[in-house]
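Now for the letters of each chain:
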2 protein chains.
Amino acid sequence: MTPVTAAERSDAARNRERLLLAARELIEQGGAAALTMDRLAEHAGVGKGTVFRRFGSRAGLMLTLLDDSEAAFQARFLFGPPPLGPGGTPLDRLIAFGAERIAYVVEYGDLVLEAGNASRGRFEVPAVALWNQDVEMLLRAGGVESREPGLLAGSLTAALDPERLLHLIRDHGVTRERLAASWCELVTRVAGGA
Amino acid sequence: MTPVTAAERSDAARNRERLLLAARELIEQGGAAALTMDRLAEHAGVGKGTVFRRFGSRAGLMLTLLDDSEAAFQARFLFGPPPLGPGGTPLDRLIAFGAERIAYVVEYGDLVLEAGNASRGRFEVPAVALWNQDVEMLLRAGGVESREPGLLAGSLTAALDPERLLHLIRDHGVTRERLAASWCELVTRVAGGA
DNA sequence: AGAGTAAACGGACCGCAGTCCGTTTATATT
DNA sequence: AATATAAACGGACTGCGGTCCGTTTACTCT
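This one's a predicted model, so the numbers in the text were calculated from it and none came from an experiment.

Criteria and thresholds
- Residues numbered from 1 in each chain as written.
- Chains lettered and ligands numbered in written order.
- Predicted model: local features only at pLDDT ≥ 70, side-chain atom pairs only at ≥ 80, totals over all residues.
- Heavy atoms only, no water.
- Domains from an automatic or database assignment.
- Contact = heavy atoms within 4.5 Å.
- Buried area = accessible area lost by both parts, 1.4 Å probe.
- Near = heavy atom within 4 Å.
- Polar contact = N/O pair within 3.5 Å; in protein donor to acceptor, adjacent residues only side chain to side chain.
- Helix = DSSP H or I, 4+ residues; strand = E, 2+ residues; numbered from the N terminus.
- Nonpolar A, V, L, I, M, F, W, Y, C, P; charged D, E, K, R; others polar.
- Buried < 20%, exposed > 50% of the residue type's maximum accessible area, 1.4 Å probe, protein only.
- Least-squares fit on C-alpha atoms with pLDDT ≥ 70 in both.
- Core = buried A, V, L, I, M, F, W, Y, C linked by side-chain atoms within 4.5 Å.

### Quick look at the domain arrangement of chain A
Residue and element names in this part refer to chain A.
Thinking step 1. Taken as a whole, chain A is organised into domain 1 (7-56) and domain 2 (58-190).
Thinking step 2. Each of domain 1 and domain 2 has a C-alpha centre, and these two points are 28 Å apart.
Thinking step 3. On the side of domain 2, ten residues touch domain 1, which itself brings eleven residues to the contact.
Thinking step 4. Between domain 1 and domain 2 lies a buried interface of about 890 Å² when both sides are counted; carbon and sulfur atoms form 71% of it.
Thinking step 5. Sorting the residues of domain 1 by area buried against domain 2 places Arg24, Ala32 and Phe55 first, and these three jointly supply 47% of that buried surface.

### A few points about the protein's contact with DNA strand D
Thinking step 1. Surveying the vicinity of DNA strand D reveals 21 residues, the closest of which are Lys48 and Arg58 of chain A together with Asn15, Arg53 and Arg54 of chain B.
Thinking step 2. Backbone atoms, meaning sugar plus phosphate, form 61% of the atoms of DNA strand D positioned within 4 Å of the protein.
Thinking step 3. Aspartate 11 of chain B is positioned such that a nitrogen or oxygen atom in its backbone is 3.3 Å from a phosphate oxygen of DNA strand D.
Thinking step 4. Residue arginine 54 of chain B places a side-chain N or O atom 2.5 Å away from a phosphate oxygen belonging to DNA strand D.
Thinking step 5. Where the surface near DNA strand D is concerned, the elements lending two or more residues are α1 (10-30), α2 (37-44) and α3 (48-55) of chain A together with α1 (10-30) and α3 (48-55) of chain B.
Thinking step 6. Looking at side-chain class alone, the surface near DNA strand D contains four nonpolar, seven polar and ten charged residues.

### Thoughts on the environment of valine 46 of chain A
Residue and element names in this part refer to chain A.
Thinking step 1. Within the secondary structure, valine 46 is located in the loop between α2 and α3.
Thinking step 2. A relative accessible area of 14% means that valine 46 is categorised as buried.
Thinking step 3. For the pair formed by valine 46 and glutamate 28, sequence separation is 18 residues and the distance between their alpha carbons is 20 Å.
Thinking step 4. Other than its neighbours up to four places away in sequence, valine 46 contacts Asn15, Arg18, Leu19, Ala41 and Val51.

### Concerning the relation of the copies chain B and chain A
Thinking step 1. The transformation that overlays chain B on chain A combines an axial shift of 0.0 Å with a rotation of 180 degrees, and the residual RMSD is 0.0 Å. Here the copies are linked by what is in effect a two-fold axis.
Thinking step 2. A share of 100% of the interface residues of chain B reappears at the interface of chain A, consistent with the copies meeting face to face through the same patch.

### Regarding unusual backbone geometry
Thinking step 1. Proline 83 of chain A follows proline 82 of chain A through a cis peptide bond whose omega is 5 degrees.
Thinking step 2. Checked against the element boundaries, proline 83 of chain A lands in the loop between α4 (58-79) and α5 (90-115).

### Comments concerning the nonpolar core
Thinking step 1. Ranked by internal contacts, the top residues of the largest apolar core, which has 66 residues, are Leu156 and Leu186 of chain A together with Leu156 and Leu186 of chain B.
Thinking step 2. Discounting chain neighbours no more than four positions away, the residues touching leucine 156 of chain B are Leu186 of chain A together with Val135, Leu139, Trp183, Leu186, Val187 and Val190 of chain B.

### Re the protein's contact with DNA strand C
Thinking step 1. Inspection of the region around DNA strand C gives 20 residues, with Asn15, Arg53 and Arg54 of chain A together with Lys48 and Arg58 of chain B positioned closest.
Thinking step 2. Among atoms of DNA strand C positioned within 4 Å of the protein, sugar and phosphate together represent 60%.
Thinking step 3. Arginine 9 of chain A is positioned with one of its side-chain polar atoms (N or O) 2.9 Å from a base nitrogen of DNA strand C.
Thinking step 4. One nitrogen or oxygen atom from the side chain of arginine 53 of chain A is found 3.2 Å from a phosphate oxygen belonging to DNA strand C.
Thinking step 5. Of all the secondary structure elements, the ones that give two or more residues to the surface near DNA strand C are α1 and α3 of chain A together with α1 and α3 of chain B.
Thinking step 6. In terms of residue count, the dominant contributor to the surface near DNA strand C is α3 of chain A (five residues).
Thinking step 7. Here the surface near DNA strand C is composed, by residue class, of four nonpolar, seven polar and nine charged.

Okay, structure coming up:
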């Protein structure tokens, strides 16, 4: 039988694994800044062209590196326990959503930052579109009526922009707790709470 | 008498003018993308080192290019006629603020975008700090009480992020009017409106 | 097994932002 | 006018992300 999606060639698969392994090693040693595409190629024992064919760009690589944890986040939102998962009130889920995003951004720091430098800008990152949908869905479920629910959701998720969060945390000493509280205040107000 | 701030040397002043003129010419011809630091140096008839000593970085140059229009915006906010200037209700001013920012971003497009790539990130841009203060002041004047007014104001201005606005306009065909309406809805809700 | 093919490979190459440092020049001082 | 000096100058240089294209290699078909 002929597979609709051509199977990946074995050498390609092997090299992809090598590259991801090498990338994690380099980052573990010297942070995201220590990961240059040349160094990665050398460390993984492949040519530079291979790196770019595999991931398209530096940002694409970062995105791939974050793929697992992003999927895990989405899974917790869709199937996990409250308050983030289904079960709680929409407003509680919204509040939890922000708190979890903040924690996520803190944990992965520079990786998230650099993943945002994609060719079309950081709003093309697939995960961003997902968050927007999540927030929009929660707003609707929470009874928030708007003529532009997508834009309203986007306005809210903009407050969770990784660059903004990390800037506040690193350069202004704002704690995660204060950010979470501010997010809570924002969504509560928008949802029409007291 | 000895000036506290050493006067700028005449050749330096002359070169600064030349560079700004050359930069505007290059941008007029081929957009911001056509402005490379090498080309600018050549077009202005100075060495590359001079360009960087003057503006620090590409983003710094863009910032300088935007300086006048940013100052004009701030002046209209501080001294201009309502609805943006003092005189109207805080909520009306807030709404006008968003509409004007959207128009501004549309007008200067790529320039604003590239000015955001500063070393410390786009939240170090001086104008951004100003907007935050403006919004914070209007929120306070509008009777919005918050334990973290600065963070709340920042959450709102995040919705006016140039990259977000331009992405929506250029890649999703969202009109200025819809963006302005969405901003209006956001601030009205946050200000506790119906 | 052998031939054919599409895909993967690798590394020289490009243009860019940004740095460095030996040289030149405007200005203040006498 | 001559001198001193701090500042400005210029362009070669570095390291980076990203591209290109001739070569090699894994799979398929007979």
